[in-house]
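Spelled out from the first residue to the last, the chains are:
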Amino acid sequence: MENKKVLLDVKNLSKYFNVKGQDLKAVDDVSFKINEGETFGLVGESGCGKTTCGRTILGMYKATKGEVLYNGKDIHSLKGKEALDFKKHGQYIFQDPYASLDPRMTVGEIIAEGLYVHFPKMNEAERKKVVNTLLDEVGLNKEHALRYPHELSGGQRQRVGIARSLAVEPSFIVCDEPISALDVSVQAQIVNLLNHLQKEKKLTYLFISHDLSMVKHISDRLGVMYLGSLVELADSEKVYNKPLHPYTKALMSAIPVPDPDHNSDIENRIHLEGEVPSPINAPKGCKFVTRCPNAMDICRQKRPDFLEVENDHFVSCHLFQEGRSVEEAEEIQRKQLEKNAQIKLEEEKKKIAKLKENKK
Ligand code: SF4
């Protein structure tokens, strides 16, 4: 990390929505940095605040608290030309390639839209040339410029969405679940295209996804969100191979292994029980306390700090605080999971015994 230039510095960012007089804390005091040229993955269950975080970072929502520093300047305080310039540098690829393209515009018009705003001196012939080049770069051809979105497949529409975001020559793109609405066969093609474009154009991505197996392949570093807060952040490999936070462990254990003879993913799966609290009324202490297999008394009283527990590995969990080493905290988790598995097994045995008795 030492030699990398920080492009975006998200500092204590919060975004609350007012719901019937109460604060819905969609993003709650989130901090992380994104380095130039990297892909930062943001993962978590649906509704955990990933999309709101991405949109607030780009200024599509006004932040309730905190800052988003882009090249050292807070984007929420930019005005006039500086604000317009940031809109050019920071682009967004939407989740739904069906809803995000105007059905009344041709593909060429959709891609060229941003050029009128950010390159007003460009003439018609130049615009056409840029559109054709972009179509080629995203794997379409110039004939597609005359078509309407309804004449394209889902994958082609997402390619148009990518071309539209590239038209204004951005340096940073928020890719918000860009493959989740697509057929599985097309998903890998779009991920490969994004990877290729990143290298070609030296782009920086914030890649939002709930699909952990896919985000693993594209992200350099990964942040895990739960109920509006970051609970873990590290290199992708570390998060996948050695997750520390109990919630991340449960998420990772649920990733299916594509091998019919491989049963260990089922055996080792951590089943989370308990209710997901409302972001309007989150627990006073750790937000994960209602579902955590390792919950302790302190977890109900005090919110854990987001601390660096290993080199560039941040976790928000009391297990890794209170003077414990990472190894000690992991040992506590392991023993607790074993104990829970034993309790489950005993319950199952009792159920089967009861069924047998009833049959007699
Ligand atoms: Fe579980 Fe406590 Fe850690 Fe929260 S702080 S994840 S409840 S052990």
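Heads up: the structure comes first, above all this text.
Residues numbered from 1 in each chain as written. Predicted model: local features only at pLDDT ≥ 70, side-chain atom pairs only at ≥ 80, totals over all residues.

(A) Fine view of the sheet that holds strand S2 (residues 22–35). With antiparallel pairing, 4 strands are arranged side by side in an open sheet as S2-S1-S4-S5. Either end of the sheet is taken by a strand with one partner, and the two such strands are S2 and strand S5 (73–74). One ladder, built from 10 bridges, connects strand S1 (residues 6–19) with S2; its direction is antiparallel. Paired with Val 6 across the strands is Asn 35, a residue of S2. (Pairing = 2+ DSSP bridges. Helix = DSSP H or I, 4+ residues; strand = E, 2+ residues; numbered from the N terminus.)

(B) Fine view of the nonpolar core. If you look at the biggest cluster of nonpolar residues, it comprises 84 residues, and the most contacted ones within it are Ile 111, Leu 134, Ala 163, Cys 175, Leu 206 and Val 224. Considering each element in turn, this core owes the most residues, 5 residues, to S2. In this structure, this core is formed jointly by two domains, domain 1 (6–239) and domain 2 (243–313 + 323–359), each of which donates at least three residues. Those residues in contact with Leu 134 that sit more than four places away from it in its chain are Ile 111, Ala 163, Leu 166 and Ala 167. (Core = buried A, V, L, I, M, F, W, Y, C linked by C-beta atoms within 7 Å. Buried ≥ 20, exposed ≤ 12 C-beta atoms within 10 Å, placed from the backbone. Domains from an automatic or database assignment. Contact = placed C-beta atoms within 7 Å.)

(C) Examining helix H5 (residues 154–166) more closely. In this model H5 runs 19 Å from its N-terminal to its C-terminal C-alpha over 13 residues, within 8% of the 18 Å that 1.5 Å per residue would give. Burial runs high along H5: 10 of the 13 residues are buried. Regarding H5, the residues found buried are Arg 157, Gln 158, Arg 159, Val 160, Gly 161, Ile 162, Ala 163, Arg 164, Ser 165 and Leu 166. Those residues of H5 that are buried are in contact with strand S6 (90–93), helix H3 (107–118), helix H4 (124–137), strand S7 (172–176) and helix H6 (184–201). (Expected span 1.5 Å × (residues − 1).)

(D) Local environment of the packing of H5 against H6. Closest axis-to-axis distance for the H5/H6 pair is 10 Å, and the angle between their directions is 20°. Judged on the interaxial angle alone, H6 and H5 are roughly parallel. Judged by the sense of rotation from one axis to the other, the crossing of H5 with H6 is right-handed. In this structure, H5 contributes Gly 154, Gly 155, Gln 158, Ile 162 and Leu 166 to the contact, and H6 contributes Val 186, Gln 189, Ile 190, Leu 193 and Leu 197. The residue makeup of the contact of H5 with H6, split by class, is 6 nonpolar, 4 polar and no charged. (Axes fitted to C-alpha atoms, helices over the stretch in contact; angles between N-to-C directions. Parallel < 35°, antiparallel > 145°, perpendicular 65-115°, else oblique. Left-handed = near helix turned anticlockwise from the far one by under 90°. Nonpolar A, V, L, I, M, F, W, Y, C, P; charged D, E, K, R; others polar.)

(E) The environment of Ser 325, seen in detail. Its location among the elements puts Ser 325 in the loop between strand S12 (313–315) and helix H12 (326–359). The class of Ser 325 is exposed, set by 10 C-beta atoms lying within 10 Å.

(F) Representation of the pairing of strand S10 (residues 229–235) within the structure. Where burial is concerned, most of S10 is hidden: 6 out of the 7 residues are buried. Summarising the sheet, strand S9 (residues 221–226) and S10 pair through 6 bridges and their orientation is antiparallel. Its bridge partner lying in S10, Gly 223 is registered against Leu 233. The antiparallel pairing of S9 with S10 creates a hairpin that spans 2 residues between the two strands, and Leu 227 there sits at a positive phi of about 50°. Inspection of the sheet shows S10 paired to S12 by 2 bridges, in the antiparallel sense. Bridging from a neighbouring strand, Leu 233 pairs with Phe 314 of S12.

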